[in-house]
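Commentary on secondary and tertiary structure
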Amino acid sequence: MVANRTTAKGKAGKDLAPLPEIPEKRYFSISEAALLCGVKAHVLRYWEQEFPQLSPLKRKGNRRYYQRHDLLLARQIRALLYGEGYTIHGARERLQELMRAPRGEPQEENHGQLNLEMADLSVGVIEGRKRWQYLRTELLALLDLCGHRH
């Protein structure tokens, strides 16, 4: 919908400042996540209410711990809202479309955005494989130390 691609003020999207690279960590506090996503912490908390896909882990005292996939999703929300000019409602619908879209058959002509999203996913898969290989190696070494390996 065209109406969903503009903000309440009717402004179109704009160029966003580049974001820092996401470090190799498993969990990020809300303040770290806010810095890495280029928004304030209260904005992330608001987005959690508006976008059901964004749900960081909550631990003791309701502290939020964001993982890499949460940060990538928050960055995508930021790009939709601030970069492309979607409203909250429009961005929510767009994310749902992207999640429903069959792989390899984009629903819209915005191939550049979809290519960036696919690149993020493939980088995540590669990093995940490296992480699993590292963990497997470490576990095998621990089993050797314990003398339990057959």
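One can find the structure itself at the top, above this paragraph.
Everything quoted here is computed from the prediction, not taken from an experiment. Here, residues in each chain are numbered from 1, in the same order as that chain's written sequence. In keeping with the model being predicted, local features are shown solely for residues with a pLDDT of at least 70 and side-chain atom pairs are shown and tallied solely at 80 or more, while totals for entire chains, interfaces and linings include all residues. Only hydrogens and water are removed before side-chain values are computed, so all heavy atoms of the structure are retained for them.

**Some words on the packing of helix 1 (residues 30-37) against helix 3 (residues 68-83)**
Between two packed helices, the angle of one axis relative to the other and the distance separating the axes together describe the packing. Axis lines are fitted to C-alpha atoms, over the contacting stretch for helices. Their N-to-C directions set the angle, which ranges from 0 to 180 degrees. Strands here are runs of E lasting at least two residues and helices are runs of H or I lasting at least four, both read from the DSSP assignment and numbered beginning at the N terminus. Put simply, helix 1 and helix 3 touch, their axes get as near as 10 Å, and they point 45° apart. The orientation of helix 1 relative to helix 3 falls into the category oblique. In this structure, helix 1 crosses over helix 3, and the sense of that crossing is right-handed. Contact residues: Ala33, Leu36 and Cys37 in helix 1; Leu71, Ala74, Arg75 and Arg78 in helix 3. Each residue belonging to the contact of helix 1 with helix 3 can be placed in one class, and the counts come to five nonpolar, no polar and two charged. Angle categories: roughly parallel below 35 degrees, roughly antiparallel above 145, roughly perpendicular from 65 to 115, and oblique for all the rest. Should the near helix be turned counterclockwise from the far one by less than a right angle, the crossing is left-handed, whereas a clockwise turn marks it as right-handed. Contacts are assigned to residue pairs with any non-hydrogen atoms lying within 4.5 Å of each other. Three classes are used, and their members are as follows: Ala, Val, Leu, Ile, Met, Phe, Trp, Tyr, Cys and Pro are nonpolar, Asp, Glu, Lys and Arg are charged, and the others, Gly among them, are polar.

**Comments concerning helix 3**
An expected span of 1.5 Å times one less than the residue number is assigned to each helix. In this model, helix 3 (16 residues) spans 21 Å end to end at C-alpha, consistent with the 22 Å of a helix rising 1.5 Å per residue. Each residue's exposure class comes from its accessible area (1.4 Å probe, protein chains only) as a fraction of the maximum for that residue type: buried when under 20%, exposed when over 50%, partly exposed otherwise. Among all positions of helix 3, only Asp70, Leu71, Leu73, Ala74, Arg75, Gln76, Ile77, Arg78, Leu80, Leu81 and Gly83 are buried. Among the residues trailing helix 3, Gly85 stands out with phi positive, at a value near 80°.

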